[in-house]
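So the chains spell out like this:
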Amino acid sequence: MTKTIVESKTKTAIIGFDQPFCVIGERINPTGRKKLALELEAGDFSTVEADAIAQVLAGATVLDINSGAVFSNKMAEDPRYADNNFVEPPLMKELVERVQAIVDVPLCIDSSVPGALESGLEAAEGRPLLNSVTGEEERLEMVLPLVKKYNVPVVAISNDDTGISEDPDVRFAVAKKIVECAADFGIPAHDIVVDPLVMPIGAMATAGLQVFTLVRRLRESGVTIILTTHYIEEAEEIADRVGVINNGELLLIDDKQALMHKLGKRQLIVELEKGITALPEALAPWTLDLSTDGSKLTYTYDPHDTQTGINGLLQAIGDTGLLLKDIQTTQSSLEEIFVGLVKGQ
């Protein structure tokens, strides 16, 4: 199994299919956070420090640090501040030094500005993750030398000069190109963490099927994959390990199959020959759900219980005189388990 190692001065995080789930906190990012950008412009790093501590306490194993701030007030005084190549390198250095002074987890250096990436790499203690390189020729030529020089792993994003392709074969080809270019610099495949770019199904109807195809091919090629998704069906289909995060708090990390076995529920669905308008009183002990058309009874139970109550339920249904048309059972999906965890059930 491929393993990608990220380190701080005192801690190591290993990203891999057979490794504990790696949570990357991405709160330290002034993009879209006007208040934070204004604080950074004024030299106030209190929110950054608070966010760093809060994310680690919530379970983050790596912290992403993004320096993409716009200093509008200083821009009016000095036109150099309109250039991110001027703003970001010193800001990234300060951010990295501030964060690693108060937390000890590995860092992810995140910027579109090569100078800021190198500034962060110079300031970071240990072996940070670099975010990121794409398949664009210019980006490859700027970022891969830094990866080699500082001996760090890098996030590889599967798009190039043509943008993000809807064809998974094209995205696979872009990822393969990045891995091959990295090899030309002497960078091993295990130091490439591929982001396959999961598109929202609302924006691309075939996105779900595409990501299944792409992730399987990437796994077979021996690179590490980082996958962030709001679509739990994707995690159930693809993931080996699953982490559940709610409001920034890490609720649980476990092997997917073990999680579904431990927390999954089963349902017995009884279809009646004739619909009923209300549940017979004799069936009250089983807490049944009656379908809106009155034709189905649903009983939810824990398969790990020594007494599931199914035999008694079926006997009670027979005693009431109700005739059965069909019986089936279903298993909880990962989404249902997730909803139960988030709601504290």
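Before reading further, recall that the structure is shown in the block above.
**Quick word on the overall build of the protein**
For the protein, the count of helices and strands is twelve helices and 15 strands. In the protein, which comprises 345 residues, the proportion classed as buried is 45%. Counting only contacts in the protein whose residues sit at least 6 apart along the sequence, the fraction spanning at least 24 positions is 66%. Total accessible area on the protein is roughly 17600 Å²; 51% of this is exposed by carbon and sulfur atoms.

**Examining helix α4 (residues 84–102)**
Here α4 contains 19 residues, and its C-alpha end-to-end distance of 27 Å stays within 8% of the 27 Å for a straight helix at 1.5 Å per residue. When we look at burial in α4, the residues that qualify are Val87, Glu88, Pro89, Leu91, Met92, Leu95, Val96, Val99 and Gln100. Tucked inside the fold, the buried residues of α4 contact β3 (24–28), α1 (34–41), α2 (46–57), β4 (62–66), β5 (107–110) and α5 (114–123).

**Some points on the side chain of Asp160**
On the secondary structure map, Asp160 appears in the loop between β7 (154–157) and α7 (168–184). Buried within the structure, Asp160 lacks any salt-bridge partner; Lys177 is the closest side chain of opposite charge, at an N-O distance of 5.4 Å. Residues in contact with Asp160, not counting those within four places in the same chain, are Gly135, Glu136 and Val174.

**Describing the state of the cysteines**
A full pass over the atoms with the stated rule returns zero disulfides. Free of any disulfide, Cys22 has its nearest neighbouring cysteine sulfur in Cys108, separated by 9.4 Å.

**Describing the nonpolar core**
Grouped together as the largest cluster of nonpolar side chains are 48 residues, with contacts concentrated most on Val99 and Leu130. Apart from residues no more than four positions distant in its own chain, Val99 is found in contact with Ile28, Val48, Ala52, Leu63, Ile65 and Leu107. Formed by 15 residues, the second largest nonpolar core is a distinct cluster that contains Leu283, Leu288, Leu313 and Ala316.

**Considering the packing of α2 against α4**
The N-to-C vectors of α2 and α4 enclose an angle of 45°; their axes lie 9 Å apart at closest approach. Compared by their axis directions, α2 and α4 come out oblique. As for how α2 packs across α4, the hand of that crossing is right-handed. Of the residues in α4, those in contact with Val48, Glu49, Ala52 and Ile53 of α2 are Leu95, Arg98, Val99 and Ile102.

**A look at a nonpolar patch on the surface**
A contiguous nonpolar patch, built from Ile53, Leu57 and Ile102 and spanning about 290 Å² of accessible area, is present on the exposed surface. Turning to its location among the elements, Ile53 is positioned in helix α2. Here Ile53 falls in the partly exposed class, since its relative accessible area comes to 39%.

**Description of the side chain of Thr298**
With respect to the secondary-structure elements, Thr298 resides in strand β14 (residues 296–301). Apart from residues no more than four positions distant in its own chain, Thr298 is found in contact with Gln267, Leu268, Ile269, Thr287, Leu288 and Asp289.

**A few points about the sheet that holds strand β13 (residues 289–290)**
Pairing is antiparallel in the open sheet, where four strands are placed in the order β13-β14-β12-β15. Across the chains shown, the open sheet's two edge strands, defined by having one partner strand only, are β13 and β15 (324–331). Of the strands in this sheet, β12 (266–272), β14 and β15 are in contact with helix α11 (residues 310–319), which crosses β12 at around 15°.

**Digging into the pairing of strand β1 (residues 3–7)**
Remark: a regular strand shows side chains that alternate across the two faces of the sheet. On β1, burial follows the alternation: Thr4 and Val6 on one face are buried, whereas Lys3, Ile5 and Glu7 on the facing-out side are not. Note: β1 against strand β2 (residues 12–16), five bridges, orientation antiparallel. Looking across to β2, one finds that Lys3 is bridged to Gly16.

**With respect to unusual backbone geometry**
Residue Asn131 is joined to Ser132 through a cis peptide bond whose omega torsion reads 15°. As for its placement among the helices and strands, Ser132 is situated in strand β6 (residues 129–133). The phi dihedral of Asn151 falls on the positive side, at around 55°, and the residue is not glycine. With a relative accessible area of 48%, Asn151 lands in the partly exposed category. Its identity is not glycine, yet Thr287 carries a phi of approximately 45°, on the positive side.

**Quick word on the packing of aromatic side chains**
The final tally for this structure, using the stated rule, is three aromatic pairs. Ring geometry for Phe71 versus Tyr81: centroids 6.4 Å apart, planes at 35°, classification tilted. Of this pair, Phe71 sits in the loop between β4 and α3 (72–77) while Tyr81 is found in the loop between α3 and α4, placing the two residues ten residues apart along the sequence. Taking the centre distance of 5.0 Å and the plane angle of 90° together, the rings of Tyr81 and Phe86 count as edge-to-face. Overall, Phe86 belongs to the partly exposed group, its relative accessible area being 29%. Among the aromatic residues, those joined into a ring-pair cluster are Phe71, Tyr81 and Phe86.

Analysis parameters
Residues numbered from 1 in each chain as written. Predicted model: local features only at pLDDT ≥ 70, side-chain atom pairs only at ≥ 80, totals over all residues. Heavy atoms only, no water. Helix = DSSP H or I, 4+ residues; strand = E, 2+ residues; numbered from the N terminus. Buried < 20%, exposed > 50% of the residue type's maximum accessible area, 1.4 Å probe, protein only. Contact = heavy atoms within 4.5 Å. Areas by Shrake-Rupley, 256 points an atom, 1.4 Å probe, with all protein chains shown as cover. Expected span 1.5 Å × (residues − 1). Lys, Arg positive; Asp, Glu negative; His and termini not counted. Salt bridge = Lys/Arg side-chain N within 4 Å of Asp/Glu carboxyl O. Disulfide = S-S within 2.5 Å. Core = buried A, V, L, I, M, F, W, Y, C linked by side-chain atoms within 4.5 Å. Axes fitted to C-alpha atoms, helices over the stretch in contact; angles between N-to-C directions. Parallel < 35°, antiparallel > 145°, perpendicular 65-115°, else oblique. Left-handed = near helix turned anticlockwise from the far one by under 90°. Patch = residues over 30% accessible without salt bridge, like charges linked within 9 Å, V, L, I, M, F, W, Y side chains within 5 Å. Pairing = 2+ DSSP bridges. Phe/Tyr/Trp six-rings, centres within 6.5 Å; stacked < 30°, edge-to-face > 60°.

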